[in-house]
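If you want the building blocks of each chain, they are given just below.
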Amino acid sequence: MGGFIVAVDLGGTQIRTALCREDGTIIKRISDLTRAAEGLDAVLDRLIGSVYAVLPDRVEDVEAIGVAAPGPLDPRTGVVISAGNLPGWTNVPLKNILEREFGVPAYAGNDANVAALAEQRFGAGQGIHDLVYITVSTGIGGGIIVDDRMVLGSRGLAAEVGHQIVFPDGPRCTCGGKGCLEAISSGPAIAAYAVERISAGEPSVLTAMVDGDLNRITARLVNEAAQAGDALAQQAFHRAGFYLGLGIISLMHILNPAIFILGGSVALHSGNLLWEPMHKVIRERAMSPLYWEHTPIVPAALGDDVGLLGALALVLAERGTV
Ligand SMILES: [Zn+2]
């Protein structure tokens, strides 16, 4: 006891690394650009270098290393199977690489999965045994905790809540499927829907906001337009919220969690635009009020540190330190 844990948040844009204590105190932290385009070896070198940079004077005081990495990832073997925003990251044995380099136990988890652990241990889900975490951002990811255990599935591939098919003939998804929740309610999907309707000739202030260059429309701009009263932009968020609500109803019916925690820039910055239609459809379409009347849906509490604290929470969970 009393030792340190090194937590790493490996993202497509930044590698954030911190020396932590078990209680979540961050002793020392650094961040570096991932520069993912330079490929696997360069990014791995930077990741390892960042761990060296935060090590304490007595290296033997480090008990373990935890990494939050993009999925799909097998948390039992610590192998990153593929990572869409990290070119070259296919079947990378991250756990083994770190254990060999540093001689301490290492653990790797899917970033959305470990975010659920972080929110349970340090954030909006403290003291709650059954929860679902959903991040709505560039993609839609999730983490499910049942009876204080993260649901991994037989191959470690569980909790892909963004790839529930909510609209069989809906838009193409990044996963190759069609009509997944991610293809309708993620940031890029909201922007794409607005572009589609404007391209079909419908009026919106968005056209002027991007000087007619529709490729520049982002979810953030659609949000601004909607806040300013633009009907088409409001409908884009309404649609996203409606389908997000449908996805949540399925999760309520299947898992009956005690709380839903929503993170990610789209969920956290769109306010009622997204949340109102989501709540409305849940009330109208859930099988019984028992599923939602005592089941709060709350914003995530941990902000930018969710990945680091997730990596730490993963280590604590793997060691059974509850
Ligand atoms: Zn999909």
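Residues numbered from 1 in each chain as written. Predicted model: local features only at pLDDT ≥ 70, side-chain atom pairs only at ≥ 80, totals over all residues. Heavy atoms only, no water.

Student: I would appreciate a short explanation of the side chain of Asp230 in the present structure.
Tutor: Positionally, Asp230 belongs in the loop between helix 7 (219-227) and helix 8 (231-255). Buried and without a salt bridge, Asp230 has Arg197 as its closest oppositely charged side chain, separated by 8.4 Å. At a separation of 3.0 Å, a polar atom in the side chain of Asp230 contacts the main-chain amide nitrogen of Ala233. Excluding residues that lie within four positions of it along the chain, Asp230 makes contacts with Ser204, Val205 and Ala225. (Helix = DSSP H or I, 4+ residues; strand = E, 2+ residues; numbered from the N terminus. Buried < 20%, exposed > 50% of the residue type's maximum accessible area, 1.4 Å probe, protein only. Lys, Arg positive; Asp, Glu negative; His and termini not counted. Salt bridge = Lys/Arg side-chain N within 4 Å of Asp/Glu carboxyl O. Polar contact = N/O pair within 3.5 Å; in protein donor to acceptor, adjacent residues only side chain to side chain. Contact = heavy atoms within 4.5 Å.)

Student: Help me understand the sheet that holds strand 6 (residues 79-82), please; the structure alone is not making it clear to me.
Tutor: The pairing of strands in a sheet happens through backbone hydrogen bonds and is either parallel or antiparallel. The sheet built from three strands is open, its strands ordered 5-6-7 with antiparallel pairing. Strands at the two margins of the open sheet, each flanked by one partner only, are strand 5 (73-74) and strand 7 (90-93). Note that strand 6 and strand 7 share three bridges and pair antiparallel. Note on strand 7: the bridge partner recorded for Val80 is Val92. (Pairing = 2+ DSSP bridges.)

Student: Sorry, what's going on with the sheet that holds strand 1 (residues 4-10) here?
Tutor: Pairing in this open sheet of five strands is mixed, and the strands run 3-2-1-4-8 from one edge to the other. Of all the strands in the sheet, the pair left with one neighbour each is strand 3 (26-33) and strand 8 (106-110). The average undirected angle you get between the axes of adjacent strands in this sheet is 15 degrees. The pairing of strand 4 (residues 62-69) with strand 8 spans five bridges and is classified as parallel. Across the sheet, Gly66 pairs through a bridge with Tyr107, a residue of strand 8. Relative to strand 1, helix 11 (residues 306-318) is tilted by about 130 degrees, and along the sheet it contacts strand 1, strand 2 (14-20), strand 3, strand 4 and strand 8. (Axes fitted to C-alpha atoms, helices over the stretch in contact; angles between N-to-C directions.)

Student: Help me out: how do you make sense of the domain arrangement of the protein chain in this one?
Tutor: By convention, interface size is frequently given as the accessible area that disappears when the constituent parts associate. You can read the domains of the protein chain as domain 1 (4-110 + 315-319) and domain 2 (124-300). Just the C-alpha atoms count here: the centres of domain 1 and domain 2 sit 29 Å apart. Summed over both partners, the interface of domain 1 with domain 2 comes to about 440 Å²; 50% of that surface belongs to carbon and sulfur atoms. For the interface between domain 1 and domain 2, the tally reads zero salt bridges. Class assignment for the residues of the side of domain 1 that touches domain 2 results in four nonpolar, one polar and two charged. (Domains from an automatic or database assignment. Buried area = accessible area lost by both parts, 1.4 Å probe. Nonpolar A, V, L, I, M, F, W, Y, C, P; charged D, E, K, R; others polar.)

Student: Looking at this structure, I do not really get the side chain of Thr34. What am I missing?
Tutor: In this fold, Thr34 is placed in the loop between strand 3 and helix 1 (40-54). Within the local environment of Thr34, its side chain forms a polar contact with the backbone nitrogen of Ile15, the two atoms lying 3.5 Å apart. Setting aside chain neighbours within four positions, we find Thr34 in contact with Leu10, Gly11, Gly12, Thr13, Gln14, Ile15, Val43, Arg46 and Leu86.

Student: Would you take a moment to explain the packing of aromatic side chains for this structure?
Tutor: Both the distance between ring centres and the angle between the ring planes are used here to describe each pair of aromatic rings. Scanning the entire structure with this criterion turns up three aromatic pairs. Between Tyr52 and Phe102 the ring centres are 4.6 Å apart and the planes differ by 50 degrees, which places this aromatic pair in the tilted class. Separated by 50 residues along the polypeptide, Tyr52 in helix 1 and Phe102 in helix 2 (residues 94-102) bring together distant segments of the chain. Ring plane angle 5 degrees and centroid distance 5.6 Å describe the contact between Phe167 and Tyr243, whose orientation is recorded as stacked. Here Phe167, found in the loop between strand 11 (149-150) and helix 4 (182-185), pairs with Tyr243, found in helix 8; they are 76 residues apart in sequence, far enough to count as distant. For Phe167, a relative accessible area of 29% corresponds to the partly exposed category. Since its relative accessible area comes to 14%, Tyr243 is described here as buried. Among the aromatic residues, those joined into a ring-pair cluster are Phe167, Phe242 and Tyr243. (Phe/Tyr/Trp six-rings, centres within 6.5 Å; stacked < 30°, edge-to-face > 60°.)

Student: Teacher, can you tell me more about the pairing of strand 4 here?
Tutor: Two faces belong to every sheet, and in a regular strand the side chains alternate between them. Of all eight residues making up strand 4, seven are buried, and the element is well covered by its neighbours. Where strand 1 and strand 4 come together, six bridges link them in parallel fashion. Looking across to strand 4, one finds that Val6 is bridged to Ile65.

Student: How do you make sense of the coordination of the zinc ion when you look at a structure like this?
Tutor: Tetrahedral coordination by four donors places them ideally at 109.5 degrees to one another around the metal; octahedral coordination by six donors ideally gives 90 or 180 degrees. Note on the zinc ion: its protein donors are His163 (ND1), Cys173 (SG), Cys175 (SG) and Cys180 (SG). The metal-donor distances range over 2.0 to 2.4 Å. Each of the four donor atoms around the zinc ion contributes to a set of angles spanning 105 to 120 degrees, which defines the coordination as tetrahedral. In primary sequence terms, the donor set of the zinc ion follows H-x9-C-x1-C-x4-C. Linking His163 in the loop between strand 11 and helix 4 with Cys173 in the loop between strand 11 and helix 4, this pair joins segments that are ten residues apart in sequence. (Donors = N, O, S within 2.8 Å, 3.2 Å for Na, K, Ca; no water. Tetrahedral: all angles 85-135°; square planar, octahedral: opposite > 155°, others 65-115°.)

Student: Teacher, can you tell me more about unusual backbone geometry here?
Tutor: The phi angle of most residues is negative, glycine excepted, and most peptide bonds adopt the trans form. For Asp147, which is not glycine, the phi torsion reads 50 degrees and is therefore positive. Relative to the helices and strands, Asp147 is located in the loop between strand 10 (140-146) and strand 11. What makes Asp147 exposed here is its relative accessible area of 57%. Positive phi, normally seen in glycine, also occurs at Ala159, with a value near 75 degrees. Residue placement: Ala159 occurs in the loop between strand 11 and helix 4.

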